[in-house]
Amino acid sequence: MRIKGLSIVFLTLLMLCHTGLGNGYALSSASHNNTSGTSEEKGEINVQEIIFEHMLDSYEWHIAGDIVLHLPVILYSKTSGWHIFSSKRLHDNGGHYLNFYPAGIDSPRYGKLMEKMDDGSFVRPLDFSFTKMALALFINALVLLLIILPVARWYRKHKDGKEVPNKFASMIEAVVMYMEDTVIKPCIGKNYRKFSPYLLTIFFFILTCNLMSLIPFFPGGVGVTANMSITMFLAICTFIAINAFGKREYWKEILWPDVPTFLKAPFPMMQIIEFLGLFTKPIALMIRLFANMMGGHMAILVLTILIFIGFSVGNVLGGSMTFLSVAFNIFLNVLELLVAFIQAFVFTLLSAVFIGGAQVEHHK
Amino acid sequence: MSLLMPDFGLLFWMLIAFGIVFFLLVKYGFPAITKSVEQRREFIDSSLKGAQRAEEKLANLEKESQVLIAEANKEQGRLLREAGAEREKIIAEAHNTAAQKAQQELDFARQQIQREKDEALLSVRREVAELSCNIAEKVLRDELSDKNRQMEMIEKMLNEVAKAQNSVN
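What counts, and where the lines are drawn
Residues numbered from 1 in each chain as written. Chains lettered and ligands numbered in written order. Predicted model: local features only at pLDDT ≥ 70, side-chain atom pairs only at ≥ 80, totals over all residues. Heavy atoms only, no water. Helix = DSSP H or I, 4+ residues; strand = E, 2+ residues; numbered from the N terminus. Contact = heavy atoms within 4.5 Å. Areas by Shrake-Rupley, 256 points an atom, 1.4 Å probe, with all protein chains shown as cover. Rg over C-alpha atoms; globule rule 2.2 N^0.38 Å. Buried < 20%, exposed > 50% of the residue type's maximum accessible area, 1.4 Å probe, protein only. Lys, Arg positive; Asp, Glu negative; His and termini not counted. Charge placed at Lys NZ, Arg CZ, Asp CG, Glu CD. Pairing = 2+ DSSP bridges. Buried area = accessible area lost by both parts, 1.4 Å probe. Salt bridge = Lys/Arg side-chain N within 4 Å of Asp/Glu carboxyl O. Polar contact = N/O pair within 3.5 Å; in protein donor to acceptor, adjacent residues only side chain to side chain. Nonpolar A, V, L, I, M, F, W, Y, C, P; charged D, E, K, R; others polar. Phe/Tyr/Trp six-rings, centres within 6.5 Å; stacked < 30°, edge-to-face > 60°. Lys NZ or Arg CZ within 6 Å of the ring centre and 35° of its normal. Axes fitted to C-alpha atoms, helices over the stretch in contact; angles between N-to-C directions. Parallel < 35°, antiparallel > 145°, perpendicular 65-115°, else oblique. Left-handed = near helix turned anticlockwise from the far one by under 90°. Core = buried A, V, L, I, M, F, W, Y, C linked by side-chain atoms within 4.5 Å. Patch = residues over 30% accessible without salt bridge, like charges linked within 9 Å, V, L, I, M, F, W, Y side chains within 5 Å.

Caption draft 1: Summary view of the overall build of chain A. Looking only at helices and strands, chain A features ten helices and eight strands. The long-range fraction of contacts in chain A, counting pairs at least 24 apart against all pairs at least 6 apart in sequence, stands at 64%. Roughly 18,400 Å² of accessible area belongs to chain A as shown, and the carbon and sulfur atoms make up 69% of that amount.

Caption draft 2: Focus on the overall build of chain B. Helix and strand content of chain B: two helices and zero strands. For chain B, whose C-alpha radius of gyration is 65 Å, the value lies well above the compact-globule estimate of 15 Å for 169 residues. Split into buried and exposed, the 169 residues of chain B put 13% on the buried side. In the form shown here, chain B has an accessible surface area of approximately 13,900 Å², with 59% of it arising from carbon and sulfur atoms. In chain B, which carries 25 positive and 28 negative side-chain charges, the distance between the mean positions of the two groups comes to 6 Å.

Caption draft 3: Molecular detail of the sheet that holds strand β6 (residues 113-116) of chain A. As summarised here, the arrangement of the three strands in space is β5-β6-β7 (chain A), forming an open sheet in which the pairing is antiparallel. On the outer flanks of this sheet lie β5 (100-102) and β7 (122-123) of chain A, each paired with one strand and no other.

Caption draft 4: A look at the interface of chain B and chain A. Taken together, the contact pairs 38 residues of chain B with 62 residues of chain A. Where chain B abuts chain A, roughly 4,400 Å² becomes buried across the two surfaces, and 76% of that area is made up of carbon and sulfur atoms. The three residues of chain B that bury the most area against chain A are L3, W13 and F30 of chain B, which together make up 16% of that side's buried surface. The tally of links between chain B and chain A comes to four salt bridges. Here R40 of chain B makes a salt bridge to E173 of chain A, at a shortest N to O gap of 2.8 Å. For the pair chain B and chain A, the number of links is ten residue pairs in polar contact (both at pLDDT 80 or more). Taken together, the residues of the side of chain B that touches chain A sort by class into 28 nonpolar, six polar and four charged.

Caption draft 5: View of the packing of aromatic side chains. For the structure on display, the rule yields 26 aromatic pairs over all chains. Ring plane angle 85° and centroid distance 5.2 Å describe the contact between F203 of chain A and F204 of chain A, whose orientation is recorded as edge-to-face. An aromatic cluster is present here, built from Y76, W82, F128, F130 and F138 of chain A together with F8, F12 and W13 of chain B joined pairwise through their rings. Above the face of the Y59 of chain A ring, K112 of chain A is positioned so that its terminal group lies 5.6 Å from the ring centre. Just above the ring of Y101 of chain A sits the side chain of K116 of chain A; from NZ or CZ to the centre is 5.4 Å.

Caption draft 6: Quick peek at the pattern of salt bridges. According to the stated counting rule, one finds eleven salt bridges over all chains in the structure shown. Salt-bridge contacts for E88 of chain B lead to R87 of chain B; the nearest nitrogen and oxygen are separated by 3.6 Å. The structure contains a network of salt bridges with shared partners spanning D57 and K112 of chain A together with D7 of chain B.

Caption draft 7: Structural view of the packing of helix α4 (residues 132-157) of chain A against helix α6 (residues 192-214) of chain A. Residue and element names in this part refer to chain A. Viewed as axis vectors pointing N to C, α4 and α6 meet at an angle of 120°, and their least axial separation amounts to 9 Å. Looking at the two axes, α4 sits oblique to α6. As for the relative orientation of α4 and α6, their crossing is right-handed in sense. Here L137, I139, N140, A141, V143, L144 and I148 of α4 come into contact with α6, specifically with F204, F205, T208, C209 and M212.

Caption draft 8: Examining the pairing of strand β1 (residues 60-64) of chain A more closely. All names here are of chain A. As judged from the four bridges shared by β1 and strand β2 (residues 67-70), these two strands associate in the antiparallel manner. Bridge pairing links A64 to I67 in β2. What sits between the antiparallel neighbours β1 and β2 is a turn of two residues, in which G65 has the positive phi angle 55°.

Caption draft 9: Seen up close, the sheet that holds strand β8 (residues 126-127) of chain A. All names here are of chain A. Spatial ordering of the open sheet is given by β4-β3-β8, a layout of three strands whose pairing is antiparallel. Of all strands in the sheet, those with a lone pairing partner are β4 (81-86) and β8, marking the two edges. Bridge count for strand β3 (residues 72-77) against β8 is two bridges, and the pairing is antiparallel. Each bridged residue has a counterpart across the sheet, and for L75 the counterpart in β8 is D127.

Caption draft 10: The pairing of β3 of chain A, seen in detail. Residue and element names in this part refer to chain A. Pairing of β3 with β4, which is carried by six bridges, proceeds in the antiparallel orientation. Directly across from Y76, in β4, lies its bridge partner W82. Following β3, the chain reverses through three residues before pairing antiparallel with β4.

Caption draft 11: Looking closely at the nonpolar core. Residues and elements named next belong to chain A. L199, F205 and L234 are the most contacted members of the largest nonpolar core, which totals 90 residues. Ranked by residues supplied to this core, first place goes to α4 with 14 residues. Those residues within four positions of L199 in sequence are excluded, and the remaining contacts are I184, I188, T348, S351, A352 and I355. Counting residues in each nonpolar core, the second largest holds eight residues, with Y59, L75, Y97 and F100 among its members.

Caption draft 12: Inspection of the side chain of S196 of chain A at higher detail. All names here are of chain A. Position of S196 relative to the elements: it lies in helix α6. Residue S196 is classed as buried on the basis of its relative accessible area of 4%. Filtering out sequence-adjacent residues up to four positions away, S196 remains in contact with E180 and I184.

Caption draft 13: Structural detail: a nonpolar patch on the surface. Residues and elements named next belong to chain A. Together, Y178, L324, F328, F331, L335, L338, F341 and I342 make up a nonpolar patch on the protein surface, roughly 730 Å² of accessible area in all. With seven residues, the single largest contributor to the nonpolar patch is helix α10 (residues 315-358). As for its position among the elements, F341 is in helix α10. Taking relative accessible area as the criterion, F341 reaches 31% and is therefore assigned partly exposed.

So this is what it looks like as C-alpha cells:
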C-alpha cells in the first residue's frame, strides 16, 4: 500500500513538473525568439522549436523559469585558435559572441555555434563545449557510481559470501545476477567472465541514463540516450567488444563462409554481405536505443504541448486538453519506465548475443 | 535532421564520462559483486551437500541403531527363553532332589517305625509271655494243690503226648 501511494505521489509530481517545465519554456520562448532568429509572432507556439529545445543539446541548462545554468563553451577554430568562454556571454550578447553565431533551424547543426568568416561564410569549429548533455552524462555517471561502488565495497569486504547483504545491496545484486545469469552467461558461453563487467556496465549506464531522463527536473530530464552521439558511442564500444575479441571461427565465417563456392568466389558476394553485417549490427543497436528513447520523450513533450495549443485556441479546449494530456502523460510516463528498462536490457542482450556470436569455438 | 547528427564534442565528453565509469566499475564494481555471489553460491552448495551427507549419515546411523536394537531384542528374547528353560530345569531338579530326599526320609522313617514297632511287639510279646507264664504258674499252683488233680493232670498230659506221637506216626 505504501509503495502504491508513493508511486501515485511520484506520478503526480512528474506530471506537474512536466507541465511546469513546458510552461517555462513556452513563456521563455517569447524572449528567446528574437535571438534565435526564427519567426514567431504574438505568442504563437512553435512546436518544432520547443521540441528541439528539449531534445537537442544546448550550451546552457534551463533549470526552472529564469534559473539558468551557464556552461563553458570550448571552441577550436582553425583560423582563430582556442576560444573558451561562458555561455552567459552568448545569452547576454543576444545569442552570439565574437564571431560565433548559432546555426539556424534549417541547418543540420541547429543551435550549434558556427564561426563567421571574413567573407561572410559560416565554418564549423571543433566544438568541445561542456554542454547540457555532457553535464547530464557526468551527473548520471556519478549517480551510477554512487549506486554501484558502495554496494561493491560491501561485497569486497565480505568476500566469502557467508553474510547477508543489506536490502539495497541485495536489490542491486538481484539485478546484476539476473543480467549475468539470464543474459550474459547463456548468450556468450564459457568466455562470459571476460565480457560480463563490460555488459553490466553498459546495462547499468543505459538504465541510469534512461531513468534519469524521466525525472523532469534539474539533475535529470536530459535525454542523453535519446541522443545519437551517445548511442553511437555505446554501439562503437560493442563493435569493438565483438570484433577485437572475435575468435578464429568468427573471422572464418566472414572471410570464407560455409556456402556453395560460386557464392563466395570468384566474386566475393557472401564476403561483402558478411562484411556489411559487421556494421549493421552496431548501427541497429545505435538506432534502436536512440529512436525508442527519443520517441518516448517526444510523445510526452507533444502531449504536454497540446495543453498550450489548446489554451491558445480557447479556455474550454485548453481545459479539456489538460485533462486528456495529463491522463495520457501518466500512461506514457509509466510506459517509459518500462521502456527505460527494456531498452537497456535489449541493448545489453543484443550486445551479448553479438559478442557470443564472435566467441563461437566450433561451428557444426 | 539535427537530432540525427552525432556531435564530436559530445562524443569526446561521453568518452571521458563512460571511460571513468567503465574503468571504476570494471575494476572495483561488478567483478567484486559477481565473484562474491559466486562464492556464496559455492558456499551454499557445499553447505547443502554437507547437510545432505549428514542426513544420509544420520539415516544410516538410525538404520544401524535399529539393527542393533533388533539384535539386542532378539538376544534378550533368547536370553529370557534360556533363563526360563534354566529356571524350569533347576526347579525340576530341585523338585526331583526334594522328592528323593523326602522319599529317603520317608523310607528311613518307615524303617524306623517298623523297627520300633517290631521292638515294641517283641517287648510286648515278652511281657505277655512272662505274664502268661506267671499266670500259668499261679494257675498251675492252684490246680496242683491236691494229689488227685495232679494225677489227673499227669494222665491227661501223657495222653496228649501219646496222641501227638500217634498223629506224628
